[in-house]
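Commentary on secondary and tertiary structure
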Amino acid sequence: MNRTAELLAFDQRHLWHPYTSALHPLPVYMVAGAAGSRLHLADGRELIDGMSSWWCAIHGYNHPVLNAALTEQAARMSHVMFGGITHEPAVRLGQALLQIVPAGLEHVFLCDSGSVSVEAAIKMAMQYWSAGGHPEKKRLLTVRGGYHGDTFMAMSVCDPVTGMHHLFRGAFPEQVFAERPSCRFHAPYNPADAADFLTKIERHAHELAAVILEPICQGAGGMWFYHPDYLRMVRDACDRFGCLLILDEIATGFGRTGRLFGASWADIRPDILCLGKALTGGYMTLAAALATRAVAEQISRDGGVFMHGPTFMGNPLACAVACASIGLLLAEDWQGRVHRIEELLKAELEEARNLSGVTDVRCLGAIGVVETAAPVNVPQIQAFFVDNGVWIRPFGRLIYVMPPYVISEEDLTRLCRVLVAGVKRFHR
Ligand SMILES: *Cc1c(COP(=O)(O)O)cnc(C)c1O
(Lines give C-alpha, C1' and ligand atoms only; values in the text may rest on other atoms or scores of the structure.)
Protein backbone atom coordinates (compact mmCIF):
# COMPACT_ATOMS: atom_id res chain seq x y z
CA MET A 1 0.00 0.00 0.00
CA ASN A 2 1.36 3.43 -0.80
CA ARG A 3 1.55 6.13 1.83
CA THR A 4 -1.61 7.99 0.82
CA ALA A 5 -3.63 4.80 0.62
CA GLU A 6 -2.41 3.83 4.06
CA LEU A 7 -3.37 7.19 5.56
CA LEU A 8 -6.76 7.13 3.88
CA ALA A 9 -7.42 3.62 5.14
CA PHE A 10 -6.75 4.67 8.74
CA ASP A 11 -8.83 7.81 8.27
CA GLN A 12 -11.75 5.85 6.94
CA ARG A 13 -11.63 3.40 9.79
CA HIS A 14 -10.93 5.75 12.72
CA LEU A 15 -11.44 9.44 12.05
CA TRP A 16 -14.78 11.13 12.30
CA HIS A 17 -15.38 13.85 9.71
CA PRO A 18 -18.06 16.55 9.98
CA TYR A 19 -21.59 15.14 10.02
CA THR A 20 -20.63 11.65 8.88
CA SER A 21 -21.19 8.06 9.79
CA ALA A 22 -18.37 6.08 11.37
CA LEU A 23 -19.48 3.00 9.49
CA HIS A 24 -20.26 4.48 6.09
CA PRO A 25 -18.19 7.63 5.80
CA LEU A 26 -18.29 9.69 2.62
CA PRO A 27 -15.08 9.58 0.58
CA VAL A 28 -12.42 12.13 1.55
CA TYR A 29 -9.62 13.57 -0.55
CA MET A 30 -6.09 13.80 0.80
CA VAL A 31 -4.74 17.34 0.66
CA ALA A 32 -0.97 17.63 0.91
CA GLY A 33 -0.65 21.40 0.69
CA ALA A 34 -2.38 24.59 -0.36
CA ALA A 35 -1.28 27.94 -1.73
CA GLY A 36 -3.20 30.98 -2.94
CA SER A 37 -6.57 29.79 -4.14
CA ARG A 38 -5.43 26.23 -4.90
CA LEU A 39 -5.51 23.01 -2.92
CA HIS A 40 -2.86 20.43 -3.77
CA LEU A 41 -3.98 16.82 -3.54
CA ALA A 42 -1.56 14.13 -2.47
CA ASP A 43 -1.94 12.45 -5.87
CA GLY A 44 -0.53 15.57 -7.54
CA ARG A 45 -3.78 17.12 -8.74
CA GLU A 46 -4.50 20.79 -8.11
CA LEU A 47 -7.96 22.09 -7.27
CA ILE A 48 -9.31 25.64 -7.49
CA ASP A 49 -10.75 26.35 -4.06
CA GLY A 50 -14.36 27.45 -4.07
CA MET A 51 -14.96 27.14 -0.32
CA SER A 52 -12.30 29.22 1.48
CA SER A 53 -12.37 26.29 3.94
CA TRP A 54 -15.88 27.28 5.11
CA TRP A 55 -15.68 31.09 4.89
CA CYS A 56 -12.23 31.32 6.50
CA ALA A 57 -9.34 31.59 4.04
CA ILE A 58 -10.13 35.05 2.65
CA HIS A 59 -6.50 35.76 1.70
CA GLY A 60 -5.92 32.31 0.24
CA TYR A 61 -3.60 29.65 1.64
CA ASN A 62 0.02 29.81 2.67
CA HIS A 63 0.14 33.60 2.67
CA PRO A 64 3.66 34.94 3.35
CA VAL A 65 2.43 37.74 5.63
CA LEU A 66 0.31 35.42 7.76
CA ASN A 67 3.04 32.79 7.80
CA ALA A 68 5.51 35.39 9.06
CA ALA A 69 3.13 36.60 11.80
CA LEU A 70 2.72 33.03 12.96
CA THR A 71 6.37 32.04 12.99
CA GLU A 72 7.51 35.31 14.59
CA GLN A 73 4.99 34.87 17.37
CA ALA A 74 5.89 31.19 17.78
CA ALA A 75 9.51 32.23 18.33
CA ARG A 76 8.39 34.47 21.25
CA MET A 77 5.68 32.30 22.81
CA SER A 78 2.92 30.13 21.45
CA HIS A 79 0.64 30.26 24.40
CA VAL A 80 0.26 31.59 27.92
CA MET A 81 -2.82 31.54 30.09
CA PHE A 82 -5.00 34.65 29.95
CA GLY A 83 -5.94 34.59 33.63
CA GLY A 84 -3.85 37.27 35.33
CA ILE A 85 -1.66 37.64 32.21
CA THR A 86 -1.95 39.67 29.05
CA HIS A 87 0.22 40.08 25.96
CA GLU A 88 0.72 42.34 23.00
CA PRO A 89 -1.00 40.18 20.34
CA ALA A 90 -4.26 40.18 22.35
CA VAL A 91 -4.10 43.92 23.01
CA ARG A 92 -3.27 44.69 19.38
CA LEU A 93 -6.12 42.49 18.21
CA GLY A 94 -8.54 44.23 20.56
CA GLN A 95 -7.41 47.59 19.17
CA ALA A 96 -7.75 46.39 15.57
CA LEU A 97 -11.25 45.04 16.19
CA LEU A 98 -12.53 48.18 17.88
CA GLN A 99 -11.34 50.17 14.86
CA ILE A 100 -13.57 48.22 12.49
CA VAL A 101 -16.66 46.96 14.34
CA PRO A 102 -19.75 49.17 14.68
CA ALA A 103 -19.05 52.04 17.07
CA GLY A 104 -20.16 51.45 20.64
CA LEU A 105 -18.94 47.85 20.90
CA GLU A 106 -16.15 48.27 23.41
CA HIS A 107 -15.53 45.03 25.31
CA VAL A 108 -13.86 42.09 23.64
CA PHE A 109 -14.11 38.50 24.88
CA LEU A 110 -11.71 36.22 22.99
CA CYS A 111 -12.44 32.52 22.72
CA ASP A 112 -11.59 29.42 20.77
CA SER A 113 -14.33 28.90 18.23
CA GLY A 114 -17.43 30.40 16.72
CA SER A 115 -19.78 28.17 18.69
CA VAL A 116 -18.09 29.14 21.93
CA SER A 117 -18.44 32.84 21.08
CA VAL A 118 -22.16 32.23 20.56
CA GLU A 119 -22.32 30.54 23.98
CA ALA A 120 -20.45 33.50 25.49
CA ALA A 121 -22.77 36.00 23.78
CA ILE A 122 -25.84 34.20 25.11
CA LYS A 123 -24.35 34.07 28.60
CA MET A 124 -23.63 37.81 28.38
CA ALA A 125 -27.26 38.47 27.49
CA MET A 126 -28.54 36.32 30.37
CA GLN A 127 -26.14 37.86 32.86
CA TYR A 128 -27.12 41.32 31.64
CA TRP A 129 -30.76 40.70 32.52
CA SER A 130 -30.16 38.87 35.77
CA ALA A 131 -27.83 41.65 36.97
CA GLY A 132 -30.59 44.11 36.02
CA GLY A 133 -33.12 42.32 38.20
CA HIS A 134 -34.75 40.24 35.46
CA PRO A 135 -33.48 36.69 35.91
CA GLU A 136 -36.62 35.46 34.13
CA LYS A 137 -35.37 36.82 30.80
CA LYS A 138 -33.48 33.74 29.62
CA ARG A 139 -35.06 32.63 26.33
CA LEU A 140 -33.95 33.55 22.84
CA LEU A 141 -35.83 34.60 19.75
CA THR A 142 -34.43 33.85 16.33
CA VAL A 143 -35.61 33.17 12.78
CA ARG A 144 -35.85 29.86 10.98
CA GLY A 145 -33.07 28.96 8.59
CA GLY A 146 -30.28 30.08 10.91
CA TYR A 147 -27.04 28.39 11.90
CA HIS A 148 -25.09 29.37 15.00
CA GLY A 149 -22.85 26.42 15.76
CA ASP A 150 -22.95 22.91 17.16
CA THR A 151 -22.65 23.38 20.93
CA PHE A 152 -25.88 23.01 22.87
CA MET A 153 -27.18 26.56 23.30
CA ALA A 154 -25.95 27.45 19.81
CA MET A 155 -27.83 24.40 18.50
CA SER A 156 -30.98 25.56 20.25
CA VAL A 157 -31.11 28.59 17.93
CA CYS A 158 -30.19 26.72 14.74
CA ASP A 159 -33.00 25.92 12.34
CA PRO A 160 -35.07 23.21 14.09
CA VAL A 161 -35.21 21.04 10.96
CA THR A 162 -31.74 21.34 9.43
CA GLY A 163 -30.28 21.69 12.94
CA MET A 164 -31.82 18.29 13.79
CA HIS A 165 -33.43 19.44 17.04
CA HIS A 166 -35.41 16.22 17.29
CA LEU A 167 -32.21 14.29 17.98
CA PHE A 168 -31.61 16.34 21.12
CA ARG A 169 -35.13 17.09 22.27
CA GLY A 170 -35.17 17.93 25.96
CA ALA A 171 -31.43 18.48 26.12
CA PHE A 172 -31.67 22.21 25.50
CA PRO A 173 -34.35 24.84 26.07
CA GLU A 174 -36.92 25.36 23.34
CA GLN A 175 -36.42 28.80 21.89
CA VAL A 176 -38.84 31.03 20.03
CA PHE A 177 -38.69 30.89 16.22
CA ALA A 178 -40.09 33.41 13.77
CA GLU A 179 -40.45 32.67 10.07
CA ARG A 180 -37.37 33.07 7.93
CA PRO A 181 -37.20 36.59 6.46
CA SER A 182 -38.71 36.16 3.00
CA CYS A 183 -37.75 39.49 1.46
CA ARG A 184 -34.76 38.97 -0.75
CA PHE A 185 -31.73 41.15 -0.46
CA HIS A 186 -32.11 42.62 -3.93
CA ALA A 187 -35.93 42.90 -4.01
CA PRO A 188 -37.97 45.79 -2.60
CA TYR A 189 -38.73 45.37 1.09
CA ASN A 190 -42.22 44.29 2.04
CA PRO A 191 -43.08 45.45 5.59
CA ALA A 192 -45.47 42.50 5.91
CA ASP A 193 -42.34 40.37 6.16
CA ALA A 194 -41.92 41.63 9.72
CA ALA A 195 -45.34 40.47 10.95
CA ASP A 196 -44.39 37.08 12.41
CA PHE A 197 -41.26 38.41 14.06
CA LEU A 198 -43.16 41.32 15.61
CA THR A 199 -45.90 39.04 16.91
CA LYS A 200 -43.34 36.73 18.52
CA ILE A 201 -41.21 39.43 20.09
CA GLU A 202 -44.26 41.16 21.54
CA ARG A 203 -45.68 37.94 22.93
CA HIS A 204 -42.41 36.72 24.46
CA ALA A 205 -40.52 39.93 25.34
CA HIS A 206 -41.03 39.37 29.09
CA GLU A 207 -39.03 36.12 28.94
CA LEU A 208 -36.52 36.97 26.20
CA ALA A 209 -32.89 37.71 26.93
CA ALA A 210 -31.99 38.39 23.33
CA VAL A 211 -32.71 38.05 19.67
CA ILE A 212 -29.94 36.27 17.76
CA LEU A 213 -29.53 36.45 13.99
CA GLU A 214 -27.03 36.17 11.17
CA PRO A 215 -27.22 39.57 9.52
CA ILE A 216 -28.11 39.70 5.79
CA CYS A 217 -26.79 36.26 4.92
CA GLN A 218 -27.93 33.07 6.59
CA GLY A 219 -25.09 30.63 6.04
CA ALA A 220 -25.11 26.92 6.77
CA GLY A 221 -28.87 27.03 7.50
CA GLY A 222 -29.69 27.69 3.85
CA MET A 223 -27.39 30.24 2.17
CA TRP A 224 -30.18 32.82 2.10
CA PHE A 225 -29.77 36.58 1.61
CA TYR A 226 -32.44 38.84 3.08
CA HIS A 227 -33.24 42.53 3.03
CA PRO A 228 -31.35 45.05 5.20
CA ASP A 229 -34.66 46.68 6.17
CA TYR A 230 -35.57 43.46 7.98
CA LEU A 231 -32.48 43.91 10.09
CA ARG A 232 -33.40 47.54 10.84
CA MET A 233 -36.85 46.37 11.84
CA VAL A 234 -35.30 43.80 14.22
CA ARG A 235 -33.01 46.41 15.80
CA ASP A 236 -35.94 48.74 16.32
CA ALA A 237 -38.17 46.00 17.77
CA CYS A 238 -35.43 44.88 20.18
CA ASP A 239 -35.21 48.43 21.50
CA ARG A 240 -38.97 48.83 21.78
CA PHE A 241 -39.58 45.52 23.49
CA GLY A 242 -36.52 45.42 25.70
CA CYS A 243 -34.39 42.61 24.20
CA LEU A 244 -30.71 42.61 23.46
CA LEU A 245 -29.64 41.99 19.88
CA ILE A 246 -26.86 39.47 19.22
CA LEU A 247 -25.54 39.52 15.66
CA ASP A 248 -23.69 36.41 14.63
CA GLU A 249 -21.19 37.67 12.04
CA ILE A 250 -19.03 34.56 12.22
CA ALA A 251 -19.67 33.87 8.52
CA THR A 252 -20.51 37.36 7.27
CA GLY A 253 -17.66 39.24 8.95
CA PHE A 254 -14.57 40.60 7.19
CA GLY A 255 -16.08 41.55 3.88
CA ARG A 256 -17.72 38.40 2.59
CA THR A 257 -21.06 40.06 1.73
CA GLY A 258 -19.44 43.11 0.13
CA ARG A 259 -19.43 45.23 3.28
CA LEU A 260 -17.03 44.74 6.16
CA PHE A 261 -19.89 43.33 8.26
CA GLY A 262 -23.42 42.24 7.41
CA ALA A 263 -24.68 44.83 9.90
CA SER A 264 -23.03 47.55 7.80
CA TRP A 265 -25.75 47.06 5.14
CA ALA A 266 -28.38 48.21 7.62
CA ASP A 267 -26.12 50.59 9.50
CA ILE A 268 -27.11 49.14 12.83
CA ARG A 269 -25.17 48.17 15.92
CA PRO A 270 -25.84 45.00 17.84
CA ASP A 271 -25.54 44.87 21.63
CA ILE A 272 -23.33 41.81 21.26
CA LEU A 273 -21.38 40.77 18.17
CA CYS A 274 -19.87 37.36 17.41
CA LEU A 275 -16.86 37.03 15.12
CA GLY A 276 -14.89 33.97 14.03
CA LYS A 277 -14.00 32.04 10.88
CA ALA A 278 -12.15 34.64 8.71
CA LEU A 279 -10.87 36.39 11.85
CA THR A 280 -7.49 34.65 11.45
CA GLY A 281 -7.67 34.47 7.67
CA GLY A 282 -8.38 30.78 8.12
CA TYR A 283 -5.10 29.96 9.85
CA MET A 284 -6.36 28.78 13.18
CA THR A 285 -9.37 28.73 15.38
CA LEU A 286 -10.21 31.99 17.13
CA ALA A 287 -13.43 33.84 17.81
CA ALA A 288 -14.66 36.82 19.75
CA ALA A 289 -17.82 38.08 21.39
CA LEU A 290 -17.90 41.87 21.66
CA ALA A 291 -20.27 43.78 23.91
CA THR A 292 -21.33 47.38 24.26
CA ARG A 293 -20.31 49.41 27.28
CA ALA A 294 -23.90 49.23 28.58
CA VAL A 295 -23.94 45.41 28.45
CA ALA A 296 -20.50 45.07 30.02
CA GLU A 297 -21.29 47.59 32.76
CA GLN A 298 -24.52 45.95 33.78
CA ILE A 299 -22.93 42.48 33.91
CA SER A 300 -20.14 43.90 36.05
CA ARG A 301 -22.17 46.00 38.45
CA ASP A 302 -22.15 45.25 42.16
CA GLY A 303 -19.02 43.16 41.78
CA GLY A 304 -20.41 40.97 39.00
CA VAL A 305 -18.05 39.06 36.73
CA PHE A 306 -18.58 37.49 33.34
CA MET A 307 -18.57 33.74 33.92
CA HIS A 308 -16.52 32.28 31.13
CA GLY A 309 -12.81 31.61 30.64
CA PRO A 310 -11.56 29.10 28.11
CA THR A 311 -8.14 27.53 28.60
CA PHE A 312 -6.85 28.82 25.27
CA MET A 313 -8.45 32.26 25.68
CA GLY A 314 -6.54 34.91 23.74
CA ASN A 315 -4.07 32.41 22.30
CA PRO A 316 -1.10 34.55 21.19
CA LEU A 317 -0.47 32.67 17.94
CA ALA A 318 -4.07 33.08 16.88
CA CYS A 319 -4.18 36.73 17.95
CA ALA A 320 -0.97 37.53 16.07
CA VAL A 321 -2.28 35.95 12.88
CA ALA A 322 -5.65 37.68 13.32
CA CYS A 323 -3.90 41.07 13.59
CA ALA A 324 -1.92 40.33 10.45
CA SER A 325 -5.03 39.15 8.61
CA ILE A 326 -7.03 42.27 9.49
CA GLY A 327 -4.05 44.43 8.52
CA LEU A 328 -3.79 42.64 5.20
CA LEU A 329 -7.49 43.03 4.50
CA LEU A 330 -7.54 46.74 5.22
CA ALA A 331 -4.32 47.38 3.30
CA GLU A 332 -5.75 46.07 0.06
CA ASP A 333 -8.78 46.98 -2.01
CA TRP A 334 -10.85 44.11 -0.59
CA GLN A 335 -14.11 45.80 -1.51
CA GLY A 336 -13.05 46.09 -5.14
CA ARG A 337 -12.03 42.43 -5.14
CA VAL A 338 -15.26 41.23 -3.57
CA HIS A 339 -17.23 43.40 -5.98
CA ARG A 340 -15.42 41.94 -8.99
CA ILE A 341 -16.03 38.42 -7.66
CA GLU A 342 -19.74 39.24 -7.25
CA GLU A 343 -20.02 40.55 -10.82
CA LEU A 344 -18.31 37.47 -12.21
CA LEU A 345 -20.39 35.07 -10.11
CA LYS A 346 -23.58 36.77 -11.30
CA ALA A 347 -22.52 36.61 -14.93
CA GLU A 348 -21.28 33.01 -14.85
CA LEU A 349 -23.94 31.39 -12.68
CA GLU A 350 -26.84 33.05 -14.48
CA GLU A 351 -26.82 30.24 -17.03
CA ALA A 352 -27.87 27.79 -14.30
CA ARG A 353 -31.09 29.69 -13.62
CA ASN A 354 -32.87 28.24 -16.64
CA LEU A 355 -31.71 24.67 -16.17
CA SER A 356 -34.38 22.19 -15.23
CA GLY A 357 -33.84 21.01 -11.69
CA VAL A 358 -32.63 24.44 -10.58
CA THR A 359 -34.98 26.49 -8.40
CA ASP A 360 -32.85 29.55 -7.72
CA VAL A 361 -29.54 31.26 -8.35
CA ARG A 362 -28.39 34.03 -6.03
CA CYS A 363 -25.17 35.94 -5.47
CA LEU A 364 -24.09 38.43 -2.85
CA GLY A 365 -20.56 39.68 -2.37
CA ALA A 366 -18.15 36.77 -2.74
CA ILE A 367 -20.91 34.16 -2.36
CA GLY A 368 -22.64 32.40 -5.24
CA VAL A 369 -25.45 29.88 -4.72
CA VAL A 370 -27.30 27.51 -7.01
CA GLU A 371 -30.31 25.89 -5.35
CA THR A 372 -31.68 22.68 -6.82
CA ALA A 373 -35.09 21.02 -6.52
CA ALA A 374 -33.66 17.68 -5.39
CA PRO A 375 -30.95 17.07 -2.80
CA VAL A 376 -27.44 16.85 -4.17
CA ASN A 377 -25.73 13.46 -4.32
CA VAL A 378 -22.60 14.76 -2.63
CA PRO A 379 -20.07 11.98 -3.36
CA GLN A 380 -21.14 11.81 -7.00
CA ILE A 381 -21.04 15.52 -7.81
CA GLN A 382 -17.94 15.99 -5.64
CA ALA A 383 -16.05 13.40 -7.66
CA PHE A 384 -17.09 15.23 -10.82
CA PHE A 385 -15.85 18.53 -9.41
CA VAL A 386 -12.51 17.06 -8.33
CA ASP A 387 -12.05 15.36 -11.69
CA ASN A 388 -12.55 18.78 -13.25
CA GLY A 389 -10.07 20.51 -10.98
CA VAL A 390 -12.29 22.41 -8.55
CA TRP A 391 -13.17 22.12 -4.86
CA ILE A 392 -16.87 22.69 -4.20
CA ARG A 393 -18.64 21.04 -1.28
CA PRO A 394 -22.44 21.14 -1.62
CA PHE A 395 -24.96 20.36 1.09
CA GLY A 396 -28.67 19.62 0.95
CA ARG A 397 -30.04 21.28 -2.17
CA LEU A 398 -27.32 23.91 -2.27
CA ILE A 399 -24.31 24.04 -4.54
CA TYR A 400 -22.41 27.16 -3.67
CA VAL A 401 -19.02 28.83 -3.83
CA MET A 402 -17.36 31.43 -1.62
CA PRO A 403 -13.79 31.62 -2.91
CA PRO A 404 -10.80 33.35 -1.33
CA TYR A 405 -10.80 37.06 -2.24
CA VAL A 406 -7.45 36.57 -3.99
CA ILE A 407 -8.82 34.18 -6.61
CA SER A 408 -7.93 35.15 -10.17
CA GLU A 409 -10.59 35.92 -12.74
CA GLU A 410 -9.48 32.92 -14.73
CA ASP A 411 -9.77 30.52 -11.78
CA LEU A 412 -13.13 31.93 -10.75
CA THR A 413 -14.49 31.57 -14.27
CA ARG A 414 -13.35 27.96 -14.37
CA LEU A 415 -14.84 27.32 -10.91
CA CYS A 416 -18.22 28.63 -12.01
CA ARG A 417 -18.22 26.80 -15.33
CA VAL A 418 -17.47 23.47 -13.67
CA LEU A 419 -20.18 24.18 -11.10
CA VAL A 420 -22.73 24.80 -13.84
CA ALA A 421 -21.53 21.74 -15.76
CA GLY A 422 -22.01 19.65 -12.60
CA VAL A 423 -25.54 20.95 -12.17
CA LYS A 424 -26.31 20.21 -15.83
CA ARG A 425 -25.02 16.73 -15.52
CA PHE A 426 -26.61 15.65 -12.23
CA HIS A 427 -29.77 17.75 -11.94
CA ARG A 428 -32.36 17.60 -14.64
C1 LIG B 1 -19.50 28.42 11.47
C2 LIG B 1 -20.48 29.25 12.21
C3 LIG B 1 -20.62 29.14 13.60
C4 LIG B 1 -19.83 28.15 14.42
O5 LIG B 1 -18.48 28.38 14.39
P6 LIG B 1 -17.44 27.20 14.78
O7 LIG B 1 -16.11 27.86 14.72
O8 LIG B 1 -17.64 26.13 13.76
O9 LIG B 1 -17.81 26.75 16.15
C10 LIG B 1 -21.53 29.96 14.21
N11 LIG B 1 -22.27 30.84 13.51
C12 LIG B 1 -22.15 30.98 12.17
C13 LIG B 1 -22.97 31.99 11.46
C14 LIG B 1 -21.27 30.18 11.47
O15 LIG B 1 -21.18 30.29 10.14
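Residues numbered from 1 in each chain as written. Predicted model: local features only at pLDDT ≥ 70, side-chain atom pairs only at ≥ 80, totals over all residues. Heavy atoms only, no water.

**Section: the site of the ligand**
Near the ligand, the surroundings consist of Ser113, Gly114, Ser115, Tyr147, His148, Gly149, Glu214, Asp248, Ile250, Ala251 and Lys277. Between Ser115 and the ligand, the recorded distance is 2.5 Å, taken from a side-chain N or O atom to an oxygen atom. At a separation of 2.6 Å, an oxygen atom of the ligand approaches a polar side-chain atom of Lys277. If the ligand stood free it would expose 380 Å²; the protein chains cover 83% of that surface. Partitioned by chemical class, the residues of the shell around the ligand number three nonpolar, five polar and three charged. (Near = heavy atom within 4 Å. Polar contact = N/O pair within 3.5 Å; in protein donor to acceptor, adjacent residues only side chain to side chain. Areas by Shrake-Rupley, 256 points an atom, 1.4 Å probe, with all protein chains shown as cover. Nonpolar A, V, L, I, M, F, W, Y, C, P; charged D, E, K, R; others polar.)

**Focus on a nonpolar patch on the surface**
Together, Phe152, Met164, Leu167 and Phe168 make up an exposed nonpolar region whose accessible area comes to about 370 Å². Along the chain, Leu167 turns up in the loop between helix H6 (152-156) and strand S6 (176-178). (Patch = residues over 30% accessible without salt bridge, like charges linked within 9 Å, V, L, I, M, F, W, Y side chains within 5 Å. Salt bridge = Lys/Arg side-chain N within 4 Å of Asp/Glu carboxyl O. Helix = DSSP H or I, 4+ residues; strand = E, 2+ residues; numbered from the N terminus.)

**Side note on the packing of helix H7 (residues 195-204) against helix H8 (residues 228-241)**
Relative orientation and spacing of two packed helices are given, respectively, by the angle between their axes and the distance between those axes. H8 packs onto H7 with a crossing angle of 15 degrees between their chain directions and a minimal axis gap of 10 Å. When the axes of H7 and H8 are compared, the pair comes out roughly parallel. Every pair of crossing elements has a handedness; the one defined by H7 and H8 is right-handed. In this structure, H7 uses Phe197, Leu198, Ile201 and Glu202 to contact H8, whose residues at the interface are Tyr230, Met233, Val234, Ala237, Cys238, Arg240 and Phe241. Each residue belonging to the contact of H7 with H8 can be placed in one class, and the counts come to nine nonpolar, no polar and two charged. (Axes fitted to C-alpha atoms, helices over the stretch in contact; angles between N-to-C directions. Parallel < 35°, antiparallel > 145°, perpendicular 65-115°, else oblique. Left-handed = near helix turned anticlockwise from the far one by under 90°. Contact = heavy atoms within 4.5 Å.)

**Notes on the pattern of salt bridges**
Taken as a whole and judged by the stated rule, the model has 24 salt bridges. Two residues, Glu46 and Arg38, come together in a salt bridge whose shortest N-O distance is 2.5 Å. Using a relative accessible area of 38% as the deciding quantity, one classes Glu46 as partly exposed. Owing to a relative accessible area of 27%, Arg38 belongs among the partly exposed residues under this scheme. The network of salt bridges with common partners includes Arg184, Glu350, Arg353, Asp360, Arg362, Glu371 and Arg397. (Buried < 20%, exposed > 50% of the residue type's maximum accessible area, 1.4 Å probe, protein only.)

**Side note on the side chain of Asp11**
For Asp11, the position within the fold is in helix H1 (residues 3-14). The charged side chain of Asp11 is buried without a salt bridge, its nearest counter-charge being Arg393 at 11 Å. Not counting residues within four places of it along the chain, the set of residues in contact with Asp11 comprises His17 and Val28. (Lys, Arg positive; Asp, Glu negative; His and termini not counted.)

**Topic: H8**
The first and last C-alpha atoms of H8 sit 20 Å apart over 14 residues, in line with the 20 Å expected at 1.5 Å per residue. Among the residues of H8, Pro228, Tyr230, Leu231, Met233, Val234, Arg235, Ala237 and Cys238 are the ones counted as buried. Where H8 is buried, its residues contact strand S5 (139-143), H7, strand S7 (208-213) and strand S10 (244-248). Positive backbone phi, approximately 70 degrees, marks Gly242, located one or two places after H8. (Expected span 1.5 Å × (residues − 1).)

**Examining the pairing of strand S3 (residues 46-49)**
The sheet contact formed by strand S2 (residues 38-41) and S3 spans three bridges and is antiparallel. When the bridges of S3 are listed, Leu39 appears paired with Leu47. Hairpin connection from S2 to S3: four residues lie between these consecutive antiparallel strands, with Gly44 at a positive phi of about 100 degrees. As defined by bridge partners, S3 adjoins strand S15 (residues 390-391) across two bridges and the pair is classed as parallel. Within S15, the residue paired with Ile48 across the bridge is Val390. (Pairing = 2+ DSSP bridges.)

**Description of the sheet that holds S3**
Spatially, the four strands line up as an open sheet ordered S1-S2-S3-S15, and their pairing is mixed. Each end of this open sheet is capped by a strand with a single partner; those strands are strand S1 (31-35) and S15. In terms of strand pairing, S1 meets S2 through four bridges, oriented antiparallel. Each residue of the ladder has a partner; that of Val31, found in S2, is Leu41.

**Considering the side chain of Arg235**
Among the structural elements, Arg235 can be located in helix H8. At 2.7 Å, the side chain of Arg235 forms a polar contact with the backbone oxygen of Arg269. Other than its neighbours up to four places away in sequence, Arg235 contacts Cys243, Leu245, Ile268, Arg269, Pro270 and Asp271.

**What about helix H11 (residues 334-349)?**
In this model H11 runs 22 Å from its N-terminal to its C-terminal C-alpha over 16 residues, within 8% of the 22 Å that 1.5 Å per residue would give. Trp334, Gly336, Val338, Ile341, Glu342, Leu344, Leu345, Glu348 and Leu349 are the residues of H11 that are buried. In the core, the buried residues of H11 are packed alongside helix H10 (316-331), strand S13 (358-364), strand S14 (367-372), strand S16 (398-401) and helix H13 (409-426).

**Some thoughts on the packing of aromatic side chains**
Evaluated as defined, the whole model comprises 12 aromatic pairs. A centroid spacing of 5.7 Å and a plane angle of 80 degrees characterise the contact between Phe384 and Phe426, whose relative ring orientation is edge-to-face. Placement of the pair is Phe384 in helix H12 (residues 378-387) and Phe426 in helix H13, with a sequence separation of 42 residues. Judged by relative accessible area, Phe384 falls into the buried class, the value being 12%. You can call Phe426 partly exposed: its relative accessible area is 25%. The ring centre of Trp224 lies 3.9 Å from the NZ or CZ of Arg180, which sits over that ring. One residue, Arg259, lies across the ring of Trp265, its end atom 4.1 Å from the ring centre. (Phe/Tyr/Trp six-rings, centres within 6.5 Å; stacked < 30°, edge-to-face > 60°. Lys NZ or Arg CZ within 6 Å of the ring centre and 35° of its normal.)

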